[in-house]
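This is what each chain is made of:
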Amino acid sequence: EKVLTCRHEGRTVSIPFDECAWCTQAAAPEFLSRSGLDCDERGFLRTNLKLQCLQNDIPQRVYAAGDCSTVDGHPRPKAGVFAVMAGMALYQNLVADLRGEEFVEHVPQTRLLALVGLGDGTCVASRGDLALEGEWLYRLKDWIDRKWMWQYTGGLPSLDEEEDVEDAIASRANALDVLRKTPMRCGGCGAKVGSNTLTRALSSLPDVPSSDRCVVEVGLDAPDDGAVVAYDDTRLVHTVDFFRSFIGDAYVFGQVAANHALSDCDAMGAKPASALALCVVPYGGERQTEDSLRQMMAGARKALDEAGCSLVGGHTCEGSELALGFAINGSIDEVLAKGNLQQGDALILTKPLGTGVVFAGDMRALADASDVAEALQGMCRSNAHAAATLRRFGCLACTDVTGFGLIGHLAELCRGSNGARVRIDLNDVPMLQGARRLASMGVVSSLHPENLRARRAVANHSEGIEAGAAYELLY
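Calculation rules
In this convention, every chain numbers its residues from 1, walking through the sequence in written order. Local features in this predicted model are restricted to residues of pLDDT 70 or higher, and side-chain atom pairs are both shown and tallied only at a pLDDT of 80 or more, whereas totals for entire chains, interfaces and linings draw on every residue. Hydrogens and waters are ignored; side-chain quantities use all the structure's heavy atoms. What makes a nonpolar core is a set of buried Ala, Val, Leu, Ile, Met, Phe, Trp, Tyr and Cys residues whose side-chain atoms join them at distances within 4.5 Å. Accessible area is worked out with a 1.4 Å probe on protein chains only. A residue is then buried under 20% of its type maximum, exposed over 50%, and partly exposed in between. The way it works is that DSSP assigns letters per residue, a run of H or I at least four long becomes a helix, a run of E at least two long becomes a strand, and they are numbered from the N terminus. Should any heavy atoms of two residues lie within 4.5 Å, those residues are counted as being in contact. The axes used here are C-alpha line fits, helices contributing only the stretch in contact, and every angle between their N-to-C directions lies in the interval 0 to 180 degrees. Roughly parallel refers to an angle under 35 degrees, roughly antiparallel to one over 145, roughly perpendicular to one between 65 and 115, and oblique to any angle outside these ranges. Crossing handedness is read from the near helix: turned anticlockwise from the far helix by less than a right angle, it gives a left-handed crossing, and turned clockwise, a right-handed one. Three classes are used, and their members are as follows: Ala, Val, Leu, Ile, Met, Phe, Trp, Tyr, Cys and Pro are nonpolar, Asp, Glu, Lys and Arg are charged, and the others, Gly among them, are polar. Note on pairing: two strands pair once DSSP finds at least 2 bridges between them. Each salt bridge in this description consists of a side-chain nitrogen of Lys or Arg and a carboxyl oxygen of Asp or Glu lying within 4 Å of one another. Multiplying 1.5 Å by the helix residue count minus one yields the expected span of that helix. Any pair of N or O atoms that falls within 3.5 Å is considered a polar contact. Within protein, one atom must be able to donate a hydrogen and the other to accept it, and sequence-neighbouring residues count only if both atoms are side-chain atoms. Aromatic contacts are taken between Phe, Tyr and Trp rings whose centres are within 6.5 Å, Trp giving its six-membered ring; a plane angle under 30 degrees counts as stacked, one over 60 as edge-to-face, and the others as tilted. Lysine and arginine charges are scored as sitting over a ring when NZ or CZ, respectively, is within 6 Å of the ring centre and within 35 degrees of the ring normal. By construction, the arc corresponds to the directions joining the helix axis to the C-beta atoms. In this analysis, the protein atoms alone were mapped onto a 1 Å grid. Cavities are point sets where a 1.4 Å probe fits without being able to get out; pockets are open sets with protein on both sides within 12 Å along at least five of seven lines; lining residues have an atom within 4 Å of a point. Grid points are joined across faces, edges and corners, and a volume is the space filled by probe spheres set on the points.

## So, the nonpolar core
Core analysis: the largest hydrophobic core is formed by 60 residues, its most contacted members being Phe246, Phe253, Leu324, Phe326, Ile328, Leu376 and Leu474. Among the elements that take part in this core, helix H7 (residues 250–268) stands out by supplying ten residues, more than any other. In this structure Leu376 touches Phe246, Ile247, Val252, Val256 and Phe359, once residues within four positions along its chain are discounted.

Below is the structure:
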């Protein structure tokens, strides 16, 4: 038997129960009282009607709303509805402060409608002294909840390009107008620049001059997953990878970023030896910056240590969001290049496709937690064992399938193999289940439109379109 023991006014009361729902009021965190700003008797920040925090009763250019604060003369329960209504005034006054405009005053409403679902299809509603119960109230609550959540799912801005960016550029619109017409970037493909954009930019550069100190065996003239440079009798692979965070867990992101960089070495048939890190941490206090950096690099070290790759240095800087990259050096004997495809070769994928779609879906609150967990599990798994197995069985060609999609990377393999042709059976291509579902809903990464240009390399593209989501995931 479960028994709840309570102590009140010197008495001890024992109450048997089946299930316990422990409800408490909101409590103010200690840092509010340590901030130097005025707080009320319960420890919440005091604000005036303009939502400005007070210091010795003098308004400051610090603003607060919601559960952390109390409007002077208008105390209210800590309920979400008050925070939501204050949010509109908070936004207007922040803008007014920056622009030097007039402030608006916000007097919190005195009553609120509370709707509590009872778990049996009915609901209790209360407002002031009035209370009602019924199934129709549950339907009302469900409608309100779904409408609210829609704003963070279906109501979010589309990742698709709805307006013509080229027209905006051609009309010599200013930079802000062009950005407004540019689709939101999801970062789901490692936030890469598109293949065609990259190729055009690099082709405009002059040839790399030769050097007596080293011989460039694989470089910009025939781009691969990494560069191969010979120093006397030593051959080294140099590769670099960098992208911004797409998840909230800095430790896991560090693992993913390190594995992503190491994978280029694996694809070249090289053994990674050393790594230099480039870290970007969000602007913040010293303690927060240190914590983000420590967690991110701990995750990265886990992946690097398991690969036998030593982290030997790096560079850190502040930026708008968390980002991490690595320059990897490795030793190599035989290069697994983007070429050498032979008739009769089998194509082997070491991981399922679809991570870009999953995180594009996650950004729009359409991906399930299980979808994200499945994707991260694969992204944290090293390709080193798979690469060693391929080398042991005489693999002749290899590449790292990342931001440009399977079709884009496969097209590079074919071009490097004197125009070799390959056949893909969609039923044999491993794909994340969550990615299949999201693709069928029309979710694609922001790099997908440019990747789709590689369809010119597909002989039966029209048949692929009929296959639906599975074909979309190849891009």
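After that view, the rundown keeps rolling.
## Some remarks on the packing of H7 against helix H8 (residues 286–306)
The contact between H7 and H8 brings their axes to 7 Å, and the two run at 40°. Between H7 and H8, the interaxial angle falls into the category oblique. Seen from above, H7 lies across H8 with right-handed handedness. Contact residues: H7 offers Ala250, Tyr251, Phe253, Gly254, Gln255, Ala258, Asn259 and Leu262, while H8 offers Ser292, Gln295, Met296, Ala298, Gly299, Ala300, Lys302, Ala303 and Leu304. Tallied by class, residues from the contact of H7 with H8 come to ten nonpolar, six polar and one charged.

## Looking at the sheet that holds strand S7 (residues 114–117)
Spatially, three strands are ordered S7-S8-S9 in an open sheet, and the strand pairing comes out antiparallel. Bordering the open sheet on either side are S7 and strand S9 (130–134), each of which pairs with just one other strand. Each adjacent strand pair in this sheet contributes to an overall mean axis angle of 15°, direction not counted. Sheet analysis places S7 next to strand S8 (residues 123–127), joined by four bridges and oriented antiparallel. When the bridges of S8 are listed, Ala114 appears paired with Ser126. Relative to S9, helix H3 (residues 135–150) is tilted by about 95°, and along the sheet it contacts S7, S8 and S9.

## Description of the pattern of salt bridges
For the structure shown, the criterion picks out 17 salt bridges. Each member of the salt-bridge network shares a partner with another, and the members are Asp38, Arg46, Asp57 and Asp72.

## What to know about H7
For H7, built from 19 residues, the straight-helix expectation of 27 Å at 1.5 Å per residue is met to within 8% by its first-to-last C-alpha distance of 28 Å. H7 sits mainly inside the fold: 18 of its 19 residues count as buried. For H7, the N-terminal capping position is held by Asp249, with its side-chain oxygen 3.0 Å away from the main-chain nitrogen of Tyr251. Taken from the residues just after H7, Gly269 is the one with a positive phi, measuring 85°.

## Considering the packing of helix H9 (residues 355–363) against helix H10 (residues 369–379)
Where H9 contacts H10, the axes come no closer than 10 Å and their chain directions differ by 140°. Here H9 lies oblique to H10, going by the angle between them. Considering only the axes of H9 and H10, their crossing is left-handed. Residue-level inspection shows Thr355, Val358, Phe359 and Asp362 of H9 in contact with H10, the latter providing Asp371, Val372, Ala375, Leu376 and Met379. Among the residues making up the contact of H9 with H10, the classes are represented as six nonpolar, one polar and two charged.

## Topic: the pairing of strand S1 (residues 2–8)
Regular strands place their side chains on alternate faces of the sheet. Note that S1 and strand S2 (residues 11–17) share seven bridges and pair antiparallel. For Cys6, the partnering residue across the bridge sits in S2 and is Val13. Counting the residues in the hairpin turn of S1 and S2 gives two residues, including Glu9, whose phi is positive at 50°.

## As for the side chain of Asp264
Looking at the element boundaries, Asp264 is found in helix H7. Judged by its relative accessible area of 7%, Asp264 falls in the buried class. With near-sequence residues (within four places) excluded, Asp264 lies in contact with Asp225, Thr239, Val240, Asp241 and Asp400.

## Considerations on the sheet that holds strand S12 (residues 234–244)
Reading across from one edge, S10-S11-S12-S15-S13-S14 is the order of the six strands in this open sheet, with mixed pairing throughout. One side of each edge strand has no neighbouring strand; the edge strands of this open sheet are strand S10 (215–218) and strand S14 (310–319). Within this sheet the neighbouring strands show an average axis-to-axis angle of 20°, counted without direction. Sheet strands touched by H7: strand S11 (227–231), S12, strand S13 (271–282) and strand S15 (323–331). Its angle to S12, the strand with the most contacts, is close to 145°. The sheet contacts of H8 involve S13, S14 and S15, and relative to S13 the element is tilted by about 160°.

## Looking at the packing of aromatic side chains
How two aromatic rings sit relative to each other is given by the distance of their centres and the angle of their planes. In this structure the tally under the stated criterion is six aromatic pairs. Ring centres of Phe243 and Phe253 lie 5.8 Å apart, and the angle between their planes is 75°; this geometry places the pair in the edge-to-face category. Of this pair, Phe243 sits in strand S12 while Phe253 sits in helix H7; the two residues are ten residues apart in sequence, bridging distant segments of the chain. On the basis of relative accessible area, Phe243 is assigned to the buried category, the value being 4%. Through successive ring pairs, a cluster of aromatic residues spans Phe243, Phe246, Phe253 and Phe359. The residue whose ring lies beneath Lys78 is Phe44, and the NZ or CZ to ring-centre distance is 4.2 Å.

## A short note on helix H13 (residues 433–440)
Among all positions in H13, only Gly434, Ala435, Leu438 and Ala439 are buried. Seen end-on, H13 carries its buried residues on one side only, within an arc spanning 130°. Projecting away from the buried face of H13 at angles above 90 degrees are the exposed residues Gln433 and Ser440. In this structure, the buried residues of H13 make contact with H9, H10 and helix H16 (469–472). A positive backbone phi angle near 90° is found at Gly442, which sits one or two residues after H13.

## What about the environment of Gly73?
Following the sequence through the fold, Gly73 ends up in the loop between strand S6 (69–71) and helix H2 (80–99). Spatially, the C-alpha atom of Gly73 lies 40 Å from that of Ser14, the residues being 59 residues apart in sequence.

## Thoughts on empty space enclosed by the protein
For the structure shown, the criterion picks out one cavity of 30 Å³ or more. Forming the walls of the largest cavity are 18 residues, and the residues nearest its centre are Gly66, Ser69, Val71, Arg76 and Phe82. In terms of residue class, the lining of the largest cavity is built from ten nonpolar, five polar and three charged.

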